[in-house]
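Structural characterization, general
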Amino acid sequence: MISPGSSLLHYRITEKLGEGGMGAVWKATDATLDRDVAIKVLPADFASDSERLARFEREAKVLASLNHPNIGAIYGFHEANGIRFLAMELVPGEDLADRLKKGTVPISDAVDIARQIAAGLEYAHERGIVHRDLKPANIKITPDGTVKVLDFGLAKAVVGDPMASGPTSTPTILPTMTSAGTAMGMILGTAAYMSPEQARGKPVDKRADIWAFGVVLFEMLAGQRLFDGETVSDTLAAVLTRPVELNALPKPTPAPLRRLLARCLERDPKTRLRDIGEARIALESPGAIEADALVTAALPKRPAWMLAAAAIVLVAIGALGAFAVIRARGPATAPPVTFSQKSFRLQAIFIARFAPDGRTIVYSGANDPTKPEVFVIRPEYQEAVPLGIPASHLLAVSSTNELAILTKARWLHHRVFQGTLARVPLGGGAPRELLEDVREADWSPDGSQLAIIRESQGKDRLEYPI
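Residue numbers run consecutively from 1 along every chain, following the written order of its sequence. Note on the predicted model: pLDDT of at least 70 is required for a residue's local features to be given, and 80 or more for side-chain atom pairs to be given and counted; whole-chain, interface and lining totals, by contrast, use all residues. Think of the side-chain values as coming from all heavy atoms in the structure, minus any hydrogens and water.

**Focus: the overall build of the protein**
Defined as follows: A run of DSSP states H or I qualifies as a helix once it reaches four residues; a run of E qualifies as a strand once it reaches two. Both are numbered from the N-terminal end. Partly exposed residues are those whose accessible area sits between 20% and 50% of the maximum for their type, while under 20% is buried and over 50% is exposed, using a 1.4 Å probe and protein chains only. Should any heavy atoms of two residues lie within 4.5 Å, those residues are considered in contact. What sets the accessible areas is the Shrake-Rupley method with a 1.4 Å probe; for residues, cover comes only from the shown protein chains.
Within the protein, the regular secondary structure consists of twelve helices and 23 strands. For the protein, with 466 residues in total, the buried portion stands at 52%. Considering only contacts within the protein whose residues lie at least 6 apart along the sequence, 52% involve residues at least 24 apart. In the structure as shown, the protein presents an accessible area of about 21,200 Å², 52% of it carried by carbon and sulfur atoms.

This is the structure in structure tokens:
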């Protein structure tokens, strides 16, 4: 009987962390090395199957050889008092599934997380190891931002060779408990993240991980699952037949990310991205994520008045010529940036600011002043793109590519708004609301603080929240 205070070999059990189809997970202290570990106890019916147990032990030894900063380590496979268990790295922080419950992940954060996932997958794939069960619940984010992929290769350790016969050989079986209790009471993998070939019960290789990687990246950016259904069968049917709707991604999602997702999410593994290392390289490319690549996607047609965004520069400097040349912030050697003049028609522009790169302009505008929106434009774009935050008004852009905006913005009088102050990454994401009844705000030079003018008890007050 395992309980807090009991021991398995030199591991002293301290608390239960959770339980799933692969067995219970406990926190324990390794008395020999004086470190905390995670102990995964295998189900009794699994441990009683000698053939399956021998296969699991062989796989565990291979998995224990993985040594990478983005992979949760396996320290060993042990037996004590008839109990079979894995000793693994205890990774602090929250898993990605919990993070996604809070909403979309800002583009820059999503790219960083995806880059680290890709690095871990690349390391394992180079050693012939496929995860087979990549999903947000198997991805941990530590307090310092390090991403760890957990349970690497354990699906294969359970099911063995997918070409073998028998009810547990199919790669559609995943570590989720089933009510029927068949196949050791486990369904290996999570249907929403299975590749089409995995869902069909066909042999899988590293390209199944690449598909799952794409599904996870999509979910981070869109804030919703790419495939879902009321039942496992419905979800699997969606994986096999439902179109991959990249239009559900936020509009500021950079074109390189969209192209990467399209390659990862090819249903035919023969046309899918061949190597996760290519994804890592793409994610490390500055143009894939930085603010100067915010809106490079092929965008839907917008009303003609949105095409006028670039003229805000001319309004700001009072130029009436066909072109205005504006030097970017930064070193004196930076090349000039040219914005072509376009007509505003009936649109009102309330405020415009350069981003730190000197090439991206963020502005507030509207046809109806009671319905302002925040837009982004660059010289090479044919269209200005809204950030997708209704009733929002720009206040300032920080030196760290963060916007101070008003949400629930209300028109007070000529070009003056009041609303809820919020911070939002320039790359897009859910606003983080701070204070109500704010009219003006500006960033400190290092982008760490905001000076704020807000109304309180009928009076204007100047405040300095961090």
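After that view of the structure, there is still more to cover.
**Some points on the sheet that holds strand β8 (residues 139-141)**
Adjacent strands of a sheet pair through backbone hydrogen bonds, lying either parallel or antiparallel. Test applied: Any two strands with at least two DSSP bridges between them are considered paired. The convention used is that axes are lines fitted to C-alpha atoms, helices contributing only their stretch in contact, and that angles between N-to-C directions extend from 0 to 180 degrees.
Taken in spatial order, the three strands of this open sheet run β7-β8-β9, and their pairing is antiparallel. Each of the sheet's edge strands pairs with one partner strand only, and the pair in question is β7 (94-95) and β9 (147-149). In this structure, β7 lies alongside β8, joined through two bridges in antiparallel fashion. Bridging from a neighbouring strand, glutamate 94 pairs with isoleucine 141 of β8. Here helix α4 (residues 107-126) sits on the sheet and contacts β8 and β9; the angle it forms with β9, its principal contact strand, is near 40°.

**Looking at the sheet that holds strand β15 (residues 361-366)**
Sheet architecture is open: four strands sit in the order β14-β15-β16-β17, paired in antiparallel fashion. Edge positions in the sheet fall to β14 (348-354) and β17 (385-386), since each of these pairs with one other strand and no more. Across six bridges, β14 lies against β15 in antiparallel orientation. What sits directly across from phenylalanine 354, in β15, is isoleucine 361.

**As for the nonpolar core**
The nonpolar side chains of soluble globular proteins are, as a tendency, buried together. Threshold: Here the nonpolar core consists of buried residues drawn from Ala, Val, Leu, Ile, Met, Phe, Trp, Tyr and Cys, with membership extended through side-chain atoms lying within 4.5 Å.
Among the nonpolar cores identified, the biggest contains 61 residues, and Ile117, Phe213 and Met220 are the most heavily contacted of them. For this core, the element with the highest residue contribution is helix α7 (residues 206-222), accounting for eleven residues. The contacts of methionine 220, once residues within four sequence positions are left out, are Leu96, Leu100, Thr104, Val105, Ala110, Ile113 and Ala114.

**Structural notes on the confidence of the model for the protein**
When pLDDT is low, close inspection of the predicted coordinates is not appropriate. Operational definition: Along the chain, pLDDT gives the predictor's confidence residue by residue, from 0 to 100.
Of the residues in the protein, 74% reach a pLDDT of 70 or more, and the chain-wide mean stands at 77. The spread of mean pLDDT over the elements of the protein runs between strand β10 (residues 176-177), the lowest at 33, and α7, the highest at 96. Every residue in residues 160-189 scores below 50 in pLDDT, and together they form 75 contacts with partners more than four places removed in sequence or on other chains. Confidence over residues 290-334 falls short of pLDDT 50; this stretch has 103 contacts with residues more than four positions distant or in other chains.

**Focus: the packing of α7 against helix α9 (residues 255-264)**
For clarity, the cut-off: Between 65 and 115 degrees an angle is taken as roughly perpendicular, under 35 as roughly parallel, over 145 as roughly antiparallel, and anywhere else as oblique. In this scheme the crossing of two helices becomes right-handed for a clockwise turn of the near helix relative to the far one and left-handed for an anticlockwise turn of less than a right angle. Classification used: nonpolar for Ala, Val, Leu, Ile, Met, Phe, Trp, Tyr, Cys and Pro, charged for Asp, Glu, Lys and Arg, polar for all others including Gly.
Contact geometry of α7 with α9 gives a least axis separation of 8 Å together with a crossing angle of 140°. For the element pair α7 / α9, the angle class is oblique. The handedness of the crossing between α7 and α9 comes out as left-handed. Contact with α7, carried on its side by Ile210, Trp211, Phe213, Gly214, Leu217, Phe218 and Leu221, involves Leu257, Leu260, Leu261 and Cys264 of α9 and no other residues of that element. In the contact of α7 with α9, the residues fall into ten nonpolar, one polar and no charged.

**Notes on unusual backbone geometry**
Positive phi is not limited to glycine here, since leucine 9 has a value of about 55°. Structurally, leucine 9 can be placed in the loop between β1 (7-8) and β2 (11-20). On the basis of relative accessible area, leucine 9 is assigned to the partly exposed category, the value being 48%. In this model, aspartate 437 sits at a positive phi of 55°, which is unusual for a non-glycine residue. Mapped onto the elements of the fold, aspartate 437 is located in strand β21 (residues 432-443).

**Topic: the pattern of salt bridges**
Short version of the rule: The salt bridge definition used is simple: a Lys or Arg side-chain nitrogen within 4 Å of an Asp or Glu carboxyl oxygen.
Tallied over the entire structure, the rule returns 17 salt bridges. Between arginine 115 and aspartate 112 there is a salt bridge, with the nearest N and O atoms lying 2.6 Å from each other. One end of the pair is arginine 115 and the other is aspartate 112, both in helix α4 and three residues apart, which spans about a single turn. Look at arginine 115 and you get partly exposed, because its relative accessible area is 26%. With a closest N to O distance of 2.5 Å, arginine 280 and glutamate 122 form a salt bridge.

**Topic: the packing of α4 against α7**
Two measures define how a pair of helices packs: the angle their axes make with one another and the distance between the axes. The interhelical angle for the contact between α4 and α7, taken along N-to-C directions, is 170°, at an axis separation of 10 Å. Regarding the angle of α4 to α7, the classification is roughly antiparallel. The two elements α4 and α7 cross, and the hand of that crossing is right-handed. On α7, the residues touching Ile107, Ala110, Ile113, Ala114, Ile117, Ala118, Leu121 and His125 of α4 are Lys206, Asp209, Phe213, Val216, Leu217, Met220 and Leu221. In the contact of α4 with α7, the residues fall into twelve nonpolar, one polar and two charged.

**Some thoughts on the packing of aromatic side chains**
Worth spelling out the cut-off: Any Phe, Tyr or Trp ring, taking Trp's six-membered ring, that has another such ring centre within 6.5 Å forms a pair; planes under 30 degrees apart are called stacked, those over 60 apart edge-to-face, and the others tilted. As a reminder, the over-ring test applies to NZ of lysine and CZ of arginine, requiring each to be within 6 Å of the ring centre and within 35 degrees of the ring normal.
Following the criterion strictly, the structure yields six aromatic pairs and no others. Positioned above the aromatic ring of tyrosine 75, the side-chain terminus of arginine 35 is 3.7 Å from the ring centre. Over the ring of tyrosine 123 we find arginine 127, and its NZ or CZ is 3.6 Å from the ring centre.

**Thoughts on the pairing of strand β4 (residues 35-41)**
In terms of burial, β4 is largely enclosed, as five of its seven residues are buried. Pairing analysis gives seven bridges linking strand β3 (residues 23-30) to β4, with the strands arranged antiparallel. Each bridged residue has a counterpart across the sheet, and for threonine 29 the counterpart in β4 is aspartate 36. Counting the residues that bridge the hairpin from β3 to β4 gives four residues, and of these aspartate 34 lies at a positive phi of roughly 55°. In terms of strand pairing, β4 meets strand β6 (residues 83-89) through five bridges, oriented antiparallel. Following the sheet pairing, isoleucine 39 is matched in β6 by alanine 87.

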